[in-house]
Amino acid sequence: EIPVMGRKLYSLKSDLPRDFYYMPHCTPEEGKKKQHVSLGSLLEGERSELTAYKFNTLEDTTCQVLCRRPLNQDETLKMIRLLKDDYFVRMTLDNMPLTVTETLEDGSEMYVLGYPLFTNTAQGLVFNNHISFRVLYHRPSLSASDLSKFGGAGSFVRIVGFECVPSSIQHK
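Quick look at the structure, then.

About the thresholds
Throughout, a residue's number is its position along its own chain's written sequence, starting from 1. Only residues with pLDDT of at least 70 get local features here, since the model is predicted, and only at 80 or more are side-chain atom pairs given and counted; chain-wide, interface and lining totals rely on the full set of residues. For side-chain calculations, the full set of non-hydrogen atoms in the structure is used, while hydrogens and water are omitted. For this analysis, a ring pair means two rings from Phe, Tyr or Trp (six-membered ring only for Trp) whose centres lie within 6.5 Å, classed as stacked if their planes differ by under 30 degrees, edge-to-face if by over 60, and tilted for the remaining angles. Secondary structure elements are defined from DSSP: runs of H or I of at least 4 residues count as helices, runs of E of at least 2 residues count as strands, and each element is numbered from the N terminus. Type-normalised accessible area, obtained with a 1.4 Å probe on protein chains alone, sets the label of each residue: buried when under 20%, exposed when over 50%, and partly exposed for intermediate values. When two cysteine sulfur atoms lie within 2.5 Å, the pair is treated as a disulfide.

### Quick notes on the packing of aromatic side chains
Per the counting criterion, the structure on display carries seven aromatic pairs. Ring centres of Y10 and F88 lie 5.4 Å apart, and the angle between their planes is 25°; this geometry places the pair in the stacked category. One end of the pair, Y10, is in strand β1 (residues 2-11); the other, F88, is in strand β4 (residues 87-93), and 78 residues separate them in sequence. Across the pair, exposure class does not vary: Y10 and F88 are buried alike.

Shown next as structure tokens:
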């Protein structure tokens, strides 16, 4: 099992990074846990907090609901503040940053760190409450002596990318 770590909420409009759990995310069953990060990450306003998302190696998973809960008044006001400043959510999987692919006007693609909390659609601004993840990996060919460095026999997989497509889904 590979946990997903929440890093921060950031905005291109505001210089104020927010803690990952400033937004009312679903919390993991184990509770909120922090990991140590480098001094540079701390200075950039990043933390590393356990999220409710988890992945198993080489296992496809279909849509899962993490939690359902109403927002209280304080949480609603926080979401409005995040909406006004176009905040993004930064997460990592095995220290690989989560990215979103944006297509530019000339047809080329650009990677953006994190996903936007809100998306402007024909219906107006919508909260991205559904995230489709894609984990990219590489299976290097290792010798038996190389495998022993990683705990013995078996296959070894290296995560090389962590992408997502955010969207809004009306749950019943």
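We are not done yet, so read on.
### What about the state of the cysteines?
One pass over the full model with this rule turns up one disulfide. Between the sulfur atoms of C26 and its disulfide partner C67 the distance amounts to 2.0 Å. Residues C26 and C67 are joined through a disulfide that is left-handed, its torsion about the S-S bond being -85°. In this pair, C26 sits in the loop between β1 and β2 (34-35) while C67 sits in the loop between β3 (48-55) and α2 (73-84), placing the two residues 41 residues apart along the sequence. The partly exposed category is assigned to C67, whose relative accessible area is 34%.

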